[in-house]
Amino acid sequence: MLDLVIRGGTVATACDVVRCDVGIREGRIAMLGEGLGEAARTIDAEGKVVTPGGIDSHCHIEQLSASGIRNADTFETATRSAALGGTTTVIPFACQHKGMDLFDVVRDYHGLAERGAIIDYALHLIVTEPTERLLSEQLPRLVSDGHGSIKLFMTYDAMRLHDEEVLDVLSAARGLGAMVCVHAENHGMITWMVRRLLDRGYAAPKFHAVSHPRLGEAEAIQRLIAMAELVDQPIMIFHVSTAEGAATIRAARGRGVKVWGETCPQYLFLTVAELDRPDGAKWCCSPPPRTEADQDALWQALERGDLSTVTSDHAPFAYDETGKLRAGPSPTFKEIPNGMPGLEARMPLMFDAIVSSGRMALTDFVRITATAPAEIYNLADRKGSIAVGKDADVVVWDAGRRVTLSDDKVSDAAGYTAYAGRTVTGWPEVVVRRGEVIVEDGTLHAAPGSGRFLPRSGGRAAAPTGRLAPELDPAKNFGAELG
Ligand code: DUC
Ligand code: ZN
Ligand code: ZN
């Protein structure tokens with residue numbers, strides 16, 4: 001007998017939409033078909049839309065910043081909010097700061113996640129100090145233990161790598177078959193702008209956006225792509241915010257470079273105008289929200305497949321003295337911790353904008369929010385689709401329900417939503433994680449610590465193309481291996 005049947009819904013994957021039942025046994029999808037037999041429990045999904053649970057492949061959870069401040073959320077509160085928003089898998093970070101041993105860092109984040117996570121998780125490794133030991137001993141062990149992706153920063157004083165260090169990590173990742181994800185902005189342009197703005201007294205939150213020139217995004221993406229091409233290492237560009245950034249990725253993909261791009265709801269739905277509000281600090285994130293023309297360009301890039309995923313970049317700080325206002329009630333833009341909450345709102349915002357508005361197809365919604373991240377980060381054997389054998393991570397949507405997002409409804413620890421006042425059509429009514437109903441009637445029914453670690457290698461997306469730059473290709477050059 002089946003454990004659970006979701007009966008009569010419109011079931012969507014990234015390629016098909018069919019009306020059928022979903023039969024679940026022992027945490028996995030066991031059958032798809034009409035009139036599936038008896039089950040211990042049945043959920044009536046007549047008139048509802050049934051999709052895979054969301055995968056949020058870029059979110060900061062219980063992460064310590066370089067300045068010592070920790071995100072507002074714990075694994076418990078962050079993954080609770082994710083589940084209530086229809087997300088069943090997250091990929092947050094094990095974040096090294098300078099002077100920290102990467103093995104200790106990874107052990108500590110595993111401890112936090114094991115204790116608190118309510119949904120399943122993998123971890124990206126943030127590398128800020130690529131020493132010889134880290135590159136030759138630690139990364140190989142950690143990747144083979146199931147951490148198949150590495151993240152680098154090209155900006156932030158305390159986090160960034162110089163180009164030579166970026167090349168070291170890209171080259172090491174190539175040997176390990178790991179994906180490399182990058183925060184790509186031109187550091188010098190940002191610090192130069194910050195100094196000039198503050199020197200002249202331009203300190204309000206809205207100047208945060210001015211200090212991150214759009215040219216700096218395209219430049220860093222282009223430079224990173226060139227470095228990735230030199231050593232033939234696949235890369236993912238995080239949080240693309242500008243039309244020029246997306247165009248740079250499109251051009252590289254057009255010549256066969258293995259580069260993927262993501263964007264986030266803050267670049268699809270918000271503009272720089274938010275930062276000019278009295279509480280503009282809430283919207284200070286990096287890169288900053290841009291213009292309506294950028295929103296249009298990013299949507300087109302998603303439609304064409306130039307950008308593949310939409311993640312939350314959830315980085316929550318409360319709007320009080322513990323977070324956004326830790327430097328006082330009127331901080332300069334430089335003193336405001338960067339980031340905004342978004343784990344809970346991502347899926348409803350995207351369902352509304354793609355499915356309810358008719359901008360793209362239901363299959364596109366599934367691809368962008370679940371299937372593509374599963375494929376890029378090598379989770380697709382278990383996650384990201386509704387198919388026999390996969391984990392039964394499923395969301396039942398009331399496609400007609402209208403909900404106005406507001407601060408008093410958020411369930412993460414930031415205490416506000418960047419989308420307050422926006423009404424979405426379509427809401428995740430029931431959320432199933434590995435066959436267990438974990439959200440129903442707006443209530444969570446899962447214990448902290450019940451989420452599981454998802455070990456993974458870099459997989460197919462992270463495999464090199466075999467086209468090294470001529471200077472590094474022994475066959476085309478001087479016959480010696482430099483890689
Ligand atoms: N910028 C980042 O680089 N990370 C977290 C959030 C943000 O705004
Ligand atoms: Zn970033
Ligand atoms: Zn981030």
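Residues numbered from 1 in each chain as written. Chains lettered and ligands numbered in written order. Predicted model: local features only at pLDDT ≥ 70, side-chain atom pairs only at ≥ 80, totals over all residues. Heavy atoms only, no water.

Trainee: Sorry if this is basic, but what is going on with the overall build of the protein chain here?
Mentor: Of regular secondary structure, the protein chain possesses twelve helices and 19 strands. Based on the C-alpha atoms only, the size of the protein chain along its principal axes is roughly 65 × 60 × 40 Å. Looking at the protein chain as a whole, 59% of its 483 residues qualify as buried. If you sum the accessible surface of the protein chain, you get close to 17,700 Å²; carbon and sulfur atoms cover 50% of it. Each charge sign in the protein chain was given a centre, from 50 positive and 64 negative side chains, and these centres are 2 Å apart. (Helix = DSSP H or I, 4+ residues; strand = E, 2+ residues; numbered from the N terminus. Buried < 20%, exposed > 50% of the residue type's maximum accessible area, 1.4 Å probe, protein only. Areas by Shrake-Rupley, 256 points an atom, 1.4 Å probe, with all protein chains shown as cover. Lys, Arg positive; Asp, Glu negative; His and termini not counted. Charge placed at Lys NZ, Arg CZ, Asp CG, Glu CD.)

Trainee: I keep staring at the coordination of the zinc ion (ligand 3) and nothing clicks. Help me out?
Mentor: Octahedral six-donor coordination of a metal ideally yields angles of 90 or 180 degrees, compared with 109.5 degrees for tetrahedral four-donor coordination. Protein-derived ligands of the zinc ion (ligand 3) are H58 (NE2), H60 (NE2) and D313 (OD), with the metal-ligand distances lying across 2.0 to 2.2 Å. Of note, the donors binding the zinc ion (ligand 3) are all from one chain and are spaced H-x1-H-x252-D. For D313, a relative accessible area of 8% translates into the label buried. (Donors = N, O, S within 2.8 Å, 3.2 Å for Na, K, Ca; no water.)

Trainee: I keep staring at the pattern of salt bridges and nothing clicks. Help me out?
Mentor: Where side chains of opposite charge bring their charged atoms close, a pairing between them can arise. In this structure the tally under the stated criterion is 27 salt bridges. The shortest N-O distance in the salt bridge between K383 and D120 comes to 2.7 Å. Highlighted residues: K383 in the loop between α12 (362-376) and β16 (394-404) and D120 in strand β9 (residues 120-121), separated in sequence by 263 residues. For the pair formed by K383 and D120, the shared burial category is buried. Linked through salt bridges whose partners overlap, the residues forming this network are D120, K383, D391, D393 and R434. (Salt bridge = Lys/Arg side-chain N within 4 Å of Asp/Glu carboxyl O.)

Trainee: Mind showing me how you'd approach the site of ligand 1 here?
Mentor: Neighbouring ligand 1 are H60, F153, Y156, H183, C285, S286, D313, A315, N338 and G339. One of the side-chain N or O atoms of H183 is found 2.9 Å from an oxygen atom in ligand 1. G339 is positioned with one of its backbone polar atoms (N or O) 3.3 Å from an oxygen atom of ligand 1. Considering ligand 1 on its own, with 240 Å² of exposed area, one finds that the protein chains cover 93% of that surface. In terms of residue class, the shell around ligand 1 is made up of four nonpolar, five polar and one charged. (Near = heavy atom within 4 Å. Polar contact = N/O pair within 3.5 Å; in protein donor to acceptor, adjacent residues only side chain to side chain. Nonpolar A, V, L, I, M, F, W, Y, C, P; charged D, E, K, R; others polar.)

Trainee: So what exactly am I meant to see when it comes to the sheet that holds β9 here?
Mentor: Pairing between sheet strands relies on hydrogen bonds along the backbone, with the strands arranged either parallel or antiparallel. Read from one edge to the other, the open sheet built from three strands follows the order β6-β7-β9, with strand pairing classed as parallel. At either margin of the open sheet sits one strand with a lone partner, and together these are β6 (54-56) and β9. (Pairing = 2+ DSSP bridges.)

Trainee: I tried to follow the state of the cysteines on my own but got confused; where do I start?
Mentor: Formally, a disulfide is one covalent bond, and it connects the sulfur atom of one cysteine to the sulfur atom of another. A full pass over the atoms with the stated rule returns zero disulfides. Not part of a disulfide, C264 finds its nearest cysteine sulfur in C285, a span of 8.0 Å. Under the relative-accessibility criterion, C264 is labelled buried at 0%. Cysteine C285 remains unbridged, with the sulfur of C284 as its closest cysteine sulfur at 7.8 Å. Using a relative accessible area of 3% as the deciding quantity, one classes C285 as buried. (Disulfide = S-S within 2.5 Å.)

Trainee: Just checking my understanding: could you explain the environment of V355 for this structure?
Mentor: Among the structural elements, V355 can be located in helix α11 (residues 346-356). Counting along the chain gives 71 residues from V355 to G426, while the straight-line C-alpha distance between them is 8.5 Å.

Trainee: I tried to follow the packing of aromatic side chains on my own but got confused; where do I start?
Mentor: What describes a pair of aromatic rings is the distance from one ring centre to the other and the angle between the planes of the rings. One pass over the full model with this rule turns up ten aromatic pairs. Here F269 and Y419 contribute two aromatic rings whose centre-to-centre distance is 6.5 Å and whose plane-to-plane angle is 90 degrees, an arrangement assigned as edge-to-face. In this pair, F269 is assigned in helix α9 (residues 265-269) and Y419 in the loop between β16 and β17 (423-433), connecting sequence segments 150 residues apart. With 5.3 Å between their ring centres and 85 degrees between their planes, F351 and F365 make a pair best called edge-to-face. Residue F351 is located in helix α11, and its partner F365 is located in helix α12; the two are separated by 14 residues in the primary sequence. (Phe/Tyr/Trp six-rings, centres within 6.5 Å; stacked < 30°, edge-to-face > 60°.)

Trainee: Is there a simple way to think about the pairing of strand β14 (residues 259-263) in this case?
Mentor: Side-chain positions along a regular strand alternate between the two faces of the sheet. Burial analysis of β14 places five of its five residues in the buried class, the great majority of the element. Across the two faces of β14 the burial is the same, with V259, G261 and T263 and W260 and E262 all buried. Where strand β13 (residues 235-237) lies against β14, three bridges are found, and the strand directions are parallel. From the neighbouring strand, I237 faces β14, where its bridge partner is G261. In this region the chain leaves β13, passes through helix α8 (residues 243-254) and returns to the parallel neighbour β14; the handedness of that crossover is right-handed. When β14 meets strand β15 (residues 309-310), the two strands line up parallel, connected through two bridges. Residue pairing across strands places E262 opposite T309, the latter belonging to β15. (Right-handed = clockwise from strand over helix to strand, strands pointing away.)

Trainee: Any chance you could explain helix α10 (residues 292-304) here in plain terms?
Mentor: Note: α-helices contain 3.6 residues per turn, so residues at a spacing of three or four share the same orientation. In this model α10 runs 18 Å from its N-terminal to its C-terminal C-alpha over 13 residues, within 8% of the 18 Å that 1.5 Å per residue would give. Inspection of α10 places D294, Q295, A297, L298, W299, A301 and L302 among the buried residues, and these make up the whole buried set. Two residues or fewer past α10, G305 is found with a positive phi of approximately 85 degrees. (Expected span 1.5 Å × (residues − 1).)

Trainee: Looking at this model, I keep getting lost on the sheet that holds strand β10 (residues 124-126). Mind explaining?
Mentor: Here we have seven strands laid out as an open sheet, ordered β8-β10-β11-β12-β13-β14-β15, and parallel in their pairing. Sheet topology places β8 (93-95) and β15 at the edges, where each strand pairs with a single neighbour. Helix α2 (residues 102-116) rests against β8 and β10 of the sheet, and its axis sits at about 140 degrees to β8. (Contact = heavy atoms within 4.5 Å. Axes fitted to C-alpha atoms, helices over the stretch in contact; angles between N-to-C directions.)

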